[in-house]
Amino acid sequence: MSERDDRVTELEQQLESVRAERDRALAARDALIREVLPVSATRSPASEARGGSAGKLVVLALIVAMVAAFGYVLYRNQVALRSLQSEGELSPRRVAKPPPPGGAPAEQRPAAGAARGIEILPIRELALLGRAALAPDGKTLALAEAGEGGGVLLLELGREGSLHGASSHLLRAHQAAVRDLAFSRDGARLVSAGADGALKVWDRKWRAQRTLRKSGSAFFAVAAGRTLCAAAGEAPGVFLYRLEGGSAPRTLAGHRDWVRAVALDGAEARLASGGHDGTILVHRTVDGAVERSLRGHGLWLSALAFSPDGKRLASAGWDSRILLWDLSVESDAKKPEVAPTRLRGGPGRAVTSLAFSPDGSLLAAASLDRSVTVFEVPSGKRRYSLDGHRYQVQSALFDPSGAALFSSSGDGTLRRWPLPPSFAPIVEPLPPPAPGEVTLRNNTSGERARIRLLEGKRVSRAGSRALARFLRGGADDRGGSVDPELVRLLDAVAERFGRARELVIVSGYRSPEYNRLRRKQSREVAKESQHLEGKAIDLRVEGVTIMALRDFLKQRKKGGVGFYPDSNFVHMDTGRVRSWSGE
C-alpha cells in the first residue's frame, strides 16, 4: 500500500472518529437545551422536573463551542481527503468504469439515474414526503406527510409494482405530522402514528376503524403483525395493542426515556424497542418480559428490523452505525451478549430506516446522506449504494419479490430501483461535442443533452430555451427562464474544463412552491433564492474536483459561489459577488 493510500485510510478513520464526537456533543447539547429552556407539553418524562440555571447555560455554551470545533475539524479533514482522492482533476470515487462480466463489483456506486429502469414519481399531494409502508402483496404503498398537513397518500401500484399508471387516494389522517406507517401482516389494515398523539387503524377501504390511543405525547414509530400492533414515542414505554380491539393496551417497561424505534418479528413472539439512550430491549410479547438488553450505539436509535426468520435483528442510530445482532445464540444473564456485526462502508450520516429483503439475504439502509445502501447478510459486506435523491431518504422498502426496492425522500419523490441495479449507462456514450456545445447531465433523472449556448459572443435564443427546459426541477418538475449571464457563465465552465466533460446539474430552476418546501427541509435554503429567478445552478463537473470548480468561479467574480463538500457540488449564481461554505 502506498504512502498516499495510508494517508487516505488514516483520514477516513479520523473522519469517522470526529463525526462520532460531533454527534455526541450534539446529543449533549440537545439534552441540556431540554433542561435549560422551557419545553412543551410533549417533553420527555425524564426531564419533567428539571430547571434551568446560569451554570447550565455556561456548560451549554461550551458544548456549542465544541460542536463548532468538531465541525471545523470535520470540514478540514474532508477537504484533505477529497484532495488526496483526486489526482490532478480526476476523482477515482466518481469515475465510472465498465462492469466486469457477470455484473458490477460490490463497491461500485452507480451514478444518479444511470441504472436502467429506475422509476421516479413526484408526489405533489403531500407538502413534505416522509415515511412509507408497502402492503404485503406489493400492490399498495402508503406515504406519510411529514409536514403539518397530517395526510397519508395511498398509491395503488401499476403492473408488477410499477409506479407507472399508479392511482392515488389521499387521507386526511392526523392533525399534525404522520411519523410512521405500518401494514398488518395480512395486509387487511394500515396503522398510522402521528405527532398529534393519535394511533389510527384503517381498513382497506381506507376508513378509520378505530383510534387506539389519543394523548398529548407524540408517536415516533409503529410496527404491526397479523394480530398485534406496537407503538412508541415521547414516553418511556412501548404500547402493545390487539388490532381487533376489545382490550386495553399493555405497556412494556424497561426504557427510562423516549422510545424511538420498534419492530415485531414475523411470529409476533418478540418485540424489539430502541431507546433515546441507545439501548435496545428485546421483549417477549406473551408477557412483556425483557429477554435481552443490547448496547452498541452511542446515540439514540432510529431504526430496527427483524430478519424474515426472526434470527437476526438489525439496528441503526444517529451515530451512523448499523449493527447486525445474532438472536439465535442463547442468551445467558451470566455471560455478555455476543458482539454484533458492524456493517462497514455504509452511510456517512444517520440512518432513517432499515429493511430486510424477503429472503433475508440483503439489508437496505436509508440515510440522511440522500442514499440507500444495500448490504449482504450475514457478512455485512456492502453490495451497492443507490444514489440520486436530492434530499434525505426517509424509507427503503423491498417489494415482495425482492426484484425492486422503493425509496421515499424529502425531495418530494418516490423511486423504484430494479435489483440488482444495472451499471450500464442509459444511452451509448455521446460522440465528441460540436464546436461551442456543452454536455449536460441531470443528477436526478440521468437525462443528458448537448446544447450550443452561444452564437459567437451572443447568447443563443434556441440554446437558452433548451437550457431552461433542461434546468426544470423539483417535485413539480416546473421550469422558468434563465438569466443570460448565467448562460455565459455555464459556457465558460465548459470551456475551462472541457466541453466533452459532463456538467452534472444538481439543482437548477425552482418554483416558489418547491423553494418553500426546500426551506422546510433545510435552513441553508434562502427565502429569496436566486434559483427562483433562473439566476443560479448547483453543479459539479464530471472528473473535476469541486475545489477546482469553486476556485475557477471565484476567480471569475461573476456572482455568488457556494462550496458544499458533503453534498459534492458548487453553487454558482449571477447575484452580488460573495462566497460561502455549507454542507
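Now for a look at the structure at hand.

Remarks on the pattern of salt bridges
(1) Moving on: Enumeration over the complete set of coordinates arrives at 19 salt bridges.
(2) Moving on: A salt bridge links R131 to D180, with the shortest nitrogen-to-oxygen separation between them at 4.0 Å. Placement of R131 in strand β2 (residues 129–134) and of D180 in strand β6 (residues 178–183) is noted, with a sequence separation of 49 residues between them.
(3) Moving on: We classify D180 as buried; its relative accessible area is 6%.
(4) Moving on: In this structure, E244 engages R189 in a salt bridge whose closest nitrogen and oxygen atoms are separated by 2.7 Å.

Some thoughts on the packing of aromatic side chains
Note on aromatic pairs: each is described by the distance of the centres and the angle between the planes.
(1) Moving on: Applying the stated criterion across every chain, the model contains 4 aromatic pairs.
(2) Moving on: With a centroid separation of 5.7 Å and 55° between ring planes, the pair formed by F220 and W258 is classed as tilted. With F220 in strand β10 (residues 219–224) and W258 in the loop between β13 (250–252) and β14 (259–264), the pair connects residues that are 38 residues apart, well separated along the chain.
(3) Moving on: By relative accessible area, which is 13% here, F220 ends up buried.
(4) Moving on: Judged by centre distance (5.7 Å) and plane angle (75°), the ring pair of F497 and F552 falls under edge-to-face. With a gap of 55 residues between them, F497 in helix α4 (residues 484–497) and F552 in helix α6 (residues 546–556) connect regions that are remote in the sequence.
(5) Moving on: Positioned above the aromatic ring of F563 is the side chain of R550, whose terminal nitrogen or guanidinium carbon lies 4.4 Å from the ring centre.

Details of α4
(1) Moving on: Over its 14 residues, α4 extends 20 Å from the first C-alpha to the last, a length consistent with the 20 Å expected when each residue adds 1.5 Å.
(2) Moving on: For α4, the complete set of buried residues consists of L486, V487, L489, L490, D491, A492, V493, A494 and F497.
(3) Moving on: Immediately downstream of α4, the backbone of G498 shows phi near 115°, a positive value.

A look at the sheet that holds strand β15 (residues 270–275)
(1) Moving on: Sheet architecture is open: 4 strands sit in the order β14-β15-β16-β17, paired in antiparallel fashion. Edge strands, defined here as strands with exactly one partner in the open sheet, are β14 and β17 (290–295). For this sheet the average axis-to-axis angle between neighbouring strands, irrespective of direction, equals 20°.
(2) Moving on: Pairing analysis gives 5 bridges linking β14 to β15, with the strands arranged antiparallel. What sits directly across from A261, in β15, is G274.

Description of the sheet that holds strand β3 (residues 140–145)
(1) Moving on: The 4 strands are arranged β2-β3-β4-β5 in an open sheet whose pairing can be described as antiparallel. Sheet topology places β2 and β5 (167–172) at the edges, where each strand pairs with a single neighbour. Direction aside, neighbouring strands of the sheet carry axes that sit 20° apart on average.
(2) Moving on: Where strand β4 (residues 151–156) meets β5, 6 bridges bridge the pair, whose relative direction is antiparallel. Residue pairing in the sheet places L155 in a bridge with S168 of β5.

Topic: the environment of R550
(1) Moving on: Residue position: R550 is located in helix α6.
(2) Moving on: Spatially, the C-alpha atoms of R550 and F569 are 9.1 Å apart, while their sequence positions differ by 19 residues.

A short note on the packing of α4 against α6
In helix packing, the relevant descriptors are the interaxial angle and the interaxial distance, both defined with respect to the helix axes.
(1) Moving on: Two numbers describe how α4 lies on α6: the axes approach to 11 Å, and their chain directions differ by 125°. When the axis of α4 is compared with that of α6, the two are oblique. Seen along the crossing, α4 lies across α6 with a hand that is right-handed. For the pair α4 and α6, contact is made by L489, A492, V493, R496 and F497 and by A548, L549, F552, L553 and R556, respectively.

Some thoughts on helix α3 (residues 461–470)
(1) Moving on: Listed in full, the buried residues belonging to α3 are G463, S464, A466, L467, A468 and F470.
(2) Moving on: Buried positions along α3 lie against β29 (437–442), β30 (448–452), β32 (458–459), α4 and β33 (502–507).
(3) Moving on: Among the residues of α3, the N-terminal cap falls to S460, whose side-chain oxygen and the backbone nitrogen of A462 are separated by 3.4 Å.

Conventions adopted
- Residue positions are given per chain, counted from 1 along the sequence in the order it is written.
- Side-chain atom pairs in this predicted model are given and counted only at pLDDT of 80 or more, local residue features only at pLDDT of at least 70, and totals for whole chains, interfaces and linings cover all residues.
- Excluding hydrogens and water, the side-chain values take into account all heavy atoms of the structure.
- Any Lys or Arg side-chain nitrogen found within 4 Å of a carboxyl oxygen on Asp or Glu counts as a salt bridge.
- Each helix corresponds to a stretch of at least 4 residues labelled H or I by DSSP, and each strand to a stretch of at least 2 residues labelled E; elements are numbered beginning at the N terminus.
- Burial classification: accessible surface area is computed with a 1.4 Å probe over protein chains only, and a residue below 20% of its type maximum counts as buried, one above 50% as exposed, and the rest as partly exposed.
- Only the six-membered ring of Trp is used, alongside the rings of Phe and Tyr, when aromatic pairs are assigned; centres must lie within 6.5 Å, and planes under 30 degrees apart are stacked while those over 60 apart are edge-to-face, with the rest tilted.
- We call a charge positioned over a ring when the NZ of a Lys or the CZ of an Arg lies within 6 Å of the ring centre and within 35 degrees of the ring normal.
- Residue count minus one, scaled by 1.5 Å, sets the expected span of a helix.
- Here a strand pair is declared whenever DSSP counts at least two bridges between the two strands.
- For every element, the axis is a line fit to its C-alpha atoms; helices are fit only across the contacting stretch, and the angle between N-to-C directions ranges from 0 to 180 degrees.
- An angle below 35 degrees is read as roughly parallel, one above 145 as roughly antiparallel, one from 65 to 115 as roughly perpendicular, and any other as oblique.
- Helix crossings get a hand from a simple test, with the near helix turned counterclockwise from the far one by less than a right angle marking a left-handed crossing and a clockwise turn marking a right-handed one.
- Note on definitions: a residue-residue contact is assigned when non-hydrogen atoms from the two residues lie within 4.5 Å.
- Counting of polar contacts relies on pairs of N or O atoms within 3.5 Å, with two restrictions inside protein: one atom must be capable of donating a hydrogen and the other of accepting it, and residues adjacent in sequence are counted only when both atoms are side-chain atoms.

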